[in-house]
Amino acid sequence: MKQHIISLLTLLCAAASSFGAIPKGYYSRLDGKTGAELKKAAYEIINPHTKVSSYSNLPSYFQTTDTYPQSMQWWDMYSNVKRYAPSFSGLNREHSVPKSWWKVGNDVEYTPAYVDLFHLYPSDGPANQAKSNYPLGTVDRTQKINFDNNVTLVGYPILGQGGGAQFVFEPDDEYKGDFARTYFYVVTCYQNLQWNNSYLWMLQRNEYPTLTPWAINLLLKWHRQDPVSQKELLRNEAVYAYQNNRNPFIDFPELAEYIWGTEVGTPFKVTEGGSSSGEPLLTAPVHDTTLDFGQVAVGQSVKAQLFFKGENISSPLSISMGGDDRSMFSIPDRTIAAAFVNAPGGYYLQVTYTPTQLGVHNARILIYDGGLTGSIYVYFKGEALEVPQLSRLTAREAADVTANSYTASWDEAPETIDYYVLTRTRYLAGGDVLTEEIESEDNSTVITEFDASTQESYSVQSVRLGFRSEPSNVVFVNHTGLSSIFVGQPLTIGSWPGLIRISVEAEHTDCRIFDTAGRLVSLIPVLAPPALELNLSPGVYFLTTDQHPEPVKLIAR
């Protein structure tokens, strides 16, 4: 098995710091617990934590967490392509546990899991596309392999694996333990998530064991065969400095056996990290933590939450603000009650960054009192840029259409952007409409679960500093042929809740809108450039004009 190669000095430093950085008492509540109660105790330790500033700024965090020591080469666990920071070209922000697997109500994204660095990694774009949202597994090498770049394999699973998924993703032997411990962390830290019923290949909708039996066997096997590496030790410390929580399966590799493996039923004993012994203890935020807001448009306000968690704090914590740019950062409180910090769920301090001038800005806070010995510094950092001017993109006709997938593509943005957002709309039987947003680092993405019985469409926007471009033209896709209703034609439809916008480049006459029963709903004698906005009751409609006699489907939301 390949080993991570790091300088002797780095190895010694990592070994010295791997437990030295764990606050005294951080893991004390694990003592004596077994099975489900042990997993719950781990969840209570790591679940409330500081959420990193935004999805857009993940590459700036990755420069600390996922580059080779003493190098700016990206540490990509999905390919052996050499790329160097700060350029993120060719890489994706990859959720190793696919975000399609969880949901909160109808929103799968805006949870701490969406930007949790413990399961987000820089990934080679083609490898990430091939991985899709498939489960981990061992690829059956006797059958056709879908993707193989000598690091990542995607293909049919061997007998007994996959949980019913058609394909599985198998990482290189060097990283199988890394992925196993990542999955152990996610199903523990987010055991409270409402997992999506469509993707329960490795998961169960419960707090324990959360993993299915075949997934437990696979992950434990990989965990045992590929022990914790120095890469993981270093990354654990780097993420801890941002999020103020740790991956306990890196700090205590044996913990997985006590929760799912050979030691289930045996009380766990914390052998490192000590216990609090009743003295005041602040486990979060970590001393010298940096709350990095990344790049922000000047004049905009961005909020972040700094997590506080302690035990036996005996009086209010005091906070003082300092630094040359402190006027651009604000906090609502200069004291935090001991009861808030000692509470099981901890306390979130809201920090706001409102840059009033261009440039990099820094400030710091000093945390003291509460019975603590000494004080803690937390640093704030942000960079203000001009408000971006984003061009409207042009979506291209879908390509590589198969029975259950196609490739959506669009012209590249001419200016610097963070990523693209593709809006996919599916028109289901009975008039129901299902819309989802898909992030893409590249100007194309593979769309799966393309149902032969339905029609769907897509449009795309670019994103920079939280701003979005105007939606592109809409491209329709179906199995009987492609209907790119606007490409090369001077008619564009935009749909938002309560609003339909019909954009034209030249005058159209005799615009007629019909409902699905063929009844005329609206007659517009002249459509003049640039656009007409109107309100329609929610439903499906069709539009024709003298210049565009082919019916165009409208979806009013």
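Keep in mind it's a predicted model, so treat the numbers as computed, not measured. (Residues numbered from 1 in each chain as written. Predicted model: local features only at pLDDT ≥ 70, side-chain atom pairs only at ≥ 80, totals over all residues. Heavy atoms only, no water.)

**Q** It is not clear to me how the side chain of N196 should be interpreted in this structure. Could you clarify?
**A** Position of N196 relative to the elements: it lies in the loop between β7 (194-195) and α6 (213-225). Looking at N196, the relative accessible area reads 14%, which means it is buried. Only 3.0 Å separates the side chain of N196 from the backbone nitrogen of S198, close enough to count as a polar contact. (Helix = DSSP H or I, 4+ residues; strand = E, 2+ residues; numbered from the N terminus. Buried < 20%, exposed > 50% of the residue type's maximum accessible area, 1.4 Å probe, protein only. Polar contact = N/O pair within 3.5 Å; in protein donor to acceptor, adjacent residues only side chain to side chain.)

**Q** Help me understand unusual backbone geometry in this model?
**A** Trans peptide bonds make up most of the peptide bonds, and negative phi angles are found at most residues other than glycine. Note the cis peptide between A284 and P285, where omega equals 5°. Residue position: P285 is located in the loop between β8 (281-284) and β9 (289-297). That bond from P529 to P530 is cis: its omega, 5°, falls within 30 degrees of zero. Assignment of secondary structure puts P530 in the loop between β28 (520-527) and β29 (531-534). Even without glycine at this site, N312 takes up a positive phi of about 60°. Along the chain, N312 falls in the loop between β10 (302-311) and β11 (317-322). N312 gets classed as partly exposed once you look at its relative accessible area, which sits at 36%. Phi at D400 is positive, roughly 55°, even though this residue is not glycine. Tracing the sequence through the fold places D400 in the loop between β16 (376-385) and β17 (405-409). Since its relative accessible area comes to 57%, D400 is described here as exposed.

**Q** Sorry if this is basic, but what is going on with the pairing of strand β4 (residues 145-148) here?
**A** Every regular strand shows the same layout, with side chains that alternate between the two sheet faces. One ladder, built from three bridges, connects β4 with strand β5 (residues 153-155); its direction is antiparallel. Bridge pairing links D148 to L153 in β5. Linking β4 back to β5 in an antiparallel pair, the connection comprises four residues, with N150 at a positive phi of about 75°. (Pairing = 2+ DSSP bridges.)

**Q** Help me understand helix α3 (residues 58-65) in this model?
**A** Three or four residues apart is the spacing at which side chains of an α-helix point the same way, because the helix has 3.6 residues per turn. Within α3, the full set of buried residues consists of L58, P59, Y61, F62 and T65. All buried residues of α3 fall inside an arc of 155° around its axis, so they share one side. Along its buried surface, α3 packs onto β1 (91-95), β3 (120-124), α7 (230-243) and β9. (Arc of directions from axis to C-beta. Contact = heavy atoms within 4.5 Å.)

**Q** Would you take a moment to explain the sheet that holds β29 for this structure?
**A** As a general point, the strands of a sheet are linked pairwise by backbone hydrogen bonds and lie either parallel or antiparallel. Read across the open sheet, the three strands follow the order β25-β26-β29; overall the sheet is antiparallel. In this open sheet, the two strands that pair with only one neighbour each are β25 (491-496) and β29. The average angle at which neighbouring strand axes cross in this sheet is 15°, direction not considered. Where strand β26 (residues 499-504) and β29 come together, four bridges link them in antiparallel fashion. By the bridge assignment, S503 is partnered in β29 with A531. (Axes fitted to C-alpha atoms, helices over the stretch in contact; angles between N-to-C directions.)

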